[in-house]
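# Report on the structure
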Amino acid sequence: MDQETGFELDLHQVRGIMEVCPNAANELLEAGWVCHEIYLTQDFESRCIMLRLGDTLCPHCGGPARVETADGGERVRFICQNECH
């Protein structure tokens, strides 16, 4: 039997939440987000509920950033507050 791996999470630590497709979830995981849940829609498409526990950093300059979804959750876009690119 498979076992879940993870860590204890206090929901008061959550600073952001986003529902995305698996490709976008991988980008968020690389940026330090945590995958909370994976489920299938009625059309049998995978969706991931991602949680942000800290600040999001720009992958280019390391400055503060925010994240937006694009293409119906297929992609995410990091918007740097330092306007690095």
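Given the structure is predicted, the values throughout are model-derived calculations rather than measurements.

## Observations concerning the pattern of salt bridges
Evaluated as defined, the whole model comprises four salt bridges. The salt bridge involving R66 is made with E68; its shortest N-O contact spans 2.7 Å. Overall, the relative accessible area of 44% leaves R66 in the partly exposed class. A relative accessible area of 24% places E68 in the partly exposed class. What emerges from the salt-bridge pattern is a single network uniting R66, E68 and R77.

## What to know about unusual backbone geometry
Its identity as a non-glycine residue notwithstanding, F44 has a phi of 60 degrees, on the positive side. By the element assignment, F44 lies in the loop between strand 2 (34-40) and strand 3 (46-52). Residue F44 is classed as exposed on the basis of its relative accessible area of 68%. Non-glycine residue E83 carries a positive phi angle of around 50 degrees. If you trace the backbone, E83 turns up in the segment after strand 5 (75-80).

## A word on helix 1 (residues 22-30)
For helix 1, the set of buried residues is A24, A25 and L28. Looking down the long axis of helix 1, one finds its buried residues gathered within 105 degrees of arc, a one-sided arrangement. Across from the buried face of helix 1, at angles greater than 90 degrees, the exposed residues are N23 and E30. Of the surrounding elements, those touching the buried residues of helix 1 are strand 1 (16-20), strand 3, strand 4 (65-70) and strand 5. Just downstream of helix 1, G32 is the residue with a positive phi angle, here 100 degrees.

What counts and what doesn't
- Residues numbered from 1 in each chain as written.
- Predicted model: local features only at pLDDT ≥ 70, side-chain atom pairs only at ≥ 80, totals over all residues.
- Heavy atoms only, no water.
- Salt bridge = Lys/Arg side-chain N within 4 Å of Asp/Glu carboxyl O.
- Buried < 20%, exposed > 50% of the residue type's maximum accessible area, 1.4 Å probe, protein only.
- Helix = DSSP H or I, 4+ residues; strand = E, 2+ residues; numbered from the N terminus.
- Arc of directions from axis to C-beta.
- Contact = heavy atoms within 4.5 Å.

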